[in-house]
Amino acid sequence: MGEEFEQDSLSNGGQDGPASNVPGDRSASHSDGPSGAASDPSSGPASDSSVVPAVPVWPVRARRVLTAQRVIEACEAEPESEQAVRALAIHDNMRERTMLYAREQELLTAFLTRDPESDGCIDSADISALKVATGLRASLHRAECLIRDAHRSVTLMPGTFEVLRSGDLPEDFHRLLLRKVRALPDDQVRVVDEHVAGWDLASISRDQFARHLGSLITLVTAGTIPVTPESERRVDLEIIDPARGIATLSVTGPTLEIKALAHRLDVAAQAIQKAQRHALNDQDSDAPIPFDVDEVLRQRGRAMSLAALRYAVLTQSMLDTNPVPEPVSPYKLLVTVPAMTLLGESDAPGVIDGLIPVPAEQARALAAGQATWQRILTDPTTGAYLPVTADTYTPTAQMRLQLRLRHPVCAAPGCTRATVLASEDDHIEEYDHDDPAAGGPTSLANLHRLCWLHHTIKTAGLIDPERDTDPDPGADISPDPAPDRLRNVPEDPPRFPPATLPPRPVPRRPVVEPTQTRWTIDGELRTATYEEHDLLTPVLAAALDRAWDTHLRAHADAVRIAEIEAARPARDRIIEQRRIERQRMTEKRGSRGQYDGQGDGAGDDDGLQEFLKNNPLPPLKPPPPPPRPSPDEPDDSPT
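Residues numbered from 1 in each chain as written. Predicted model: local features only at pLDDT ≥ 70, side-chain atom pairs only at ≥ 80, totals over all residues. Heavy atoms only, no water.

Caption draft 1: Spatial organisation of the layout of surface pockets. In this model, the largest pocket occupies a volume close to 2,400 Å³. Around the largest pocket sit 44 residues that line it, and L237, A247, L249, Y311 and T315 are the ones nearest its centre. Of all the elements in the fold, those that place two or more residues in the lining of the largest pocket are β1 (234-241), β2 (246-252), α11 (255-281), α12 (297-300), α13 (306-316), β5 (356-358) and α15 (360-368). For the lining of the largest pocket, the element with the most residues is α13, which contributes six residues. Here the residues of the lining of the largest pocket are counted per class, giving 32 nonpolar, six polar and six charged. (1 Å grid on protein atoms, 1.4 Å probe; cavity = no way out; pocket = protein on both sides within 12 Å on 5 of 7 lines; lining within 4 Å. Points joined across faces, edges and corners; volume = space filled by probe spheres on them. Helix = DSSP H or I, 4+ residues; strand = E, 2+ residues; numbered from the N terminus. Nonpolar A, V, L, I, M, F, W, Y, C, P; charged D, E, K, R; others polar.)

Shown next, in the form of structure tokens:
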């Protein structure tokens, strides 16, 4: 029994042997399923993906039934102890979470089925996904995946879903099952569901479940026409280390094509490396070294490695788009760098296209190599981008630049599609070409960026954005926040009493808040989104405010110390200066080891006497004579 029993039954094909006597064996019912007769050895593998090959049935049983006593034994706890109670509570919580997960899938499927915009069709669930993303506060991609998984689980896999709803199939098991069948056609998914539902899902381990599920998927998909490698051609960008500014560009495609590309890169890299070595050996030539990207090869004295040359060939070579002409306007990479980072006063990172952080050193190097900079003004309190306007239907270049900053991804709720390339600038309130004054203006308050899908949905009237198109920047007048926790308060008490700063006048100016857009989805669901804004501006503004307060306090303290010193007698100041000079000379002698060995500072006293002899103190002023007593008062002074 156990694992050995399962392996034996699998090798027998589920047709004879001990497997036929195991309770719950579903070989008879399976023979009438969509796979045909399982015992026909001449049926052979099916070549059509719509025909599921004959799959043998084998039972999957646990060695021991999972009971409360077994849970306590697994955690090595004493019965009725606190640890045993906690273990059982965790197990019960897992079952409750599984049933809640099943209930969520039921609700998502019912929502899709009863939504009039999709009418139960999974391929028309764009509006349903937008509603679900709004309700779950998730991304649109996440909502689409949840709807598709729920539809597949409830509609195509009713057997395993019933076990899931009872709490016997853990949520993690079911998520693994959905990942395995996600790429299978519907008829193969039904066969997998029929087999898995007959397993002992309440007691088997996850490793046992995953192993048998992999074997089942292999048998179900046997004979299926595989996906051609030509359909898998793609290039993917992944940010693997944002802190160091490192990304990966992966190329996927047929093996022969990828091998040919790698061979061309190797041949080109070897030729360039040979040319670099020849240029380095020719000391009399001042010709530039080929592909010296960082201009350090002559100083380093050796050529680049083949791996570095492959990267240089990919990034520095021109792309051949023949017969399609290369675009006239090059791709603009929008890099936003804080002003304090450019000045070297801060290590705040830059941002590429409002999404990808760039380390401060790379941002400074990138900015130093550019001849033209564009200034972007932001509100120092909120970080919102200050608006610009236009008088035509087409936004200006400065407005398009700000739209890329305000909307790095599609403005629709939950959508995460980047707006760098495939996006459209859209008027929230439609622009009237016949009478521009009657329609929505071409201003940042009335513009946003949408991906092509949601722009089409908005044009169809399924989503309706609203925004205050004429905000009054001067309506919200509030003082600059200056909380006490942002002040630079010294930890140790100063030597002199700190100066009392006069209260600074609180500046009052308009505060520009990030723009809010109110959305109505399918006429019944309402939500709101906010434009992107610069998160570093309030931090840098607070740092500048602290630095200014520190400067004012230091200046006031210096003035006060000077006033205290000026009020002291000249003799006291001279004695203090000489004491400091003596201490300095003593420390200097001590560092050089020039002590005369007289002990207890005798040499220091001689040095002080010599110093006082060469620098005599000014004579003391004679004290004023005591007042003479009047003749009428008795003289009590001693004789």
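We are not done yet, so read on.
Caption draft 2: Representation of the sheet that holds β5 within the structure. Pairing in this open sheet of three strands is antiparallel, and the strands run β3-β4-β5 from one edge to the other. Of all the strands in the sheet, the pair left with one neighbour each is β3 (335-336) and β5. Relative to β5, strand β4 (residues 350-352) runs antiparallel, the two being bridged by three bridges. From the neighbouring strand, V351 faces β5, where its bridge partner is P357. (Pairing = 2+ DSSP bridges.)

Caption draft 3: Local environment of α15. Among the residues of α15, those classed as buried are A360, A363 and A367. Buried residues in α15, looked at end-on, bunch into an arc of 60°, giving them a common side. Facing away from the buried side of α15, by more than 90 degrees, are the exposed residues E361, A365 and A368. Residues of α15 that are buried sit in contact with α14 (339-342), β4 and β5. (Buried < 20%, exposed > 50% of the residue type's maximum accessible area, 1.4 Å probe, protein only. Arc of directions from axis to C-beta. Contact = heavy atoms within 4.5 Å.)

Caption draft 4: Fine view of the pairing of β2. Pairing analysis gives seven bridges linking β1 to β2, with the strands arranged antiparallel. The residue bridging R234 from the neighbouring strand is T252, located in β2. Between β1 and β2, which follow one another and run antiparallel, lie four residues, and G245 among them has a positive phi close to 70°.

Caption draft 5: Representation of the sheet that holds strand β12 (residues 525-530) in the model. Read across the open sheet, the three strands follow the order β8-β11-β12; overall the sheet is antiparallel. The open sheet has two free edges, formed respectively by β8 (463-466) and β12, since each of these has just one partner strand. Across the sheet, the axes of successive neighbouring strands diverge by a mean angle of 25°, strand direction being ignored. Here β8 pairs with strand β11 (residues 516-521) via four bridges, running antiparallel. Bridge pairing links I463 to I521 in β11. (Axes fitted to C-alpha atoms, helices over the stretch in contact; angles between N-to-C directions.)

Caption draft 6: Layout of the nonpolar core. Membership of the largest hydrophobic core comes to 30 residues, with the highest contact counts inside it found for V192, V196 and F209. Every element with two or more residues in this core is listed here: α4 (82-114), α7 (158-166), α8 (171-181), α9 (186-196) and α10 (206-220). Grouped together as the second largest cluster of nonpolar side chains are 25 residues, A125, A143, A412 and C451 included. (Core = buried A, V, L, I, M, F, W, Y, C linked by side-chain atoms within 4.5 Å.)

Caption draft 7: Broad picture of the side chain of H407. Of note, H407 is situated in the loop between α16 (397-406) and β6 (424-427). Taking relative accessible area as the criterion, H407 reaches 6% and is therefore assigned buried. Side chain to side chain, H407 and E531 meet in a polar contact 3.3 Å long. For H407, the contacting residues outside a window of four places in its chain are T419, L447, H448, R449, R467 and E531. (Polar contact = N/O pair within 3.5 Å; in protein donor to acceptor, adjacent residues only side chain to side chain.)

Caption draft 8: Focus on the pattern of salt bridges. For the structure on display, the rule yields 26 salt bridges. In this structure, the salt-bridge partner of R233 is E257, at a minimum N-O distance of 2.7 Å. Highlighted residues: R233 in the loop between α10 and β1 and E257 in helix α11, separated in sequence by 24 residues. Its relative accessible area of 44% is what places R233 among the partly exposed residues. Through salt bridges with shared partners, a single network forms among R103, E106, E162 and R165. (Salt bridge = Lys/Arg side-chain N within 4 Å of Asp/Glu carboxyl O.)

Caption draft 9: Fine view of the packing of aromatic side chains. All told, the structure shown has two aromatic pairs when counted by the stated rule. Judged by centre distance (6.1 Å) and plane angle (80°), the ring pair of W199 and F209 falls under edge-to-face. Of this pair, W199 sits in the loop between α9 and α10 while F209 sits in helix α10; the two residues are ten residues apart in sequence, bridging distant segments of the chain. Both residues of the pair, W199 and F209, count as buried. (Phe/Tyr/Trp six-rings, centres within 6.5 Å; stacked < 30°, edge-to-face > 60°.)

Note that every value here comes from positions in space, so none of it alone points to a role or purpose.
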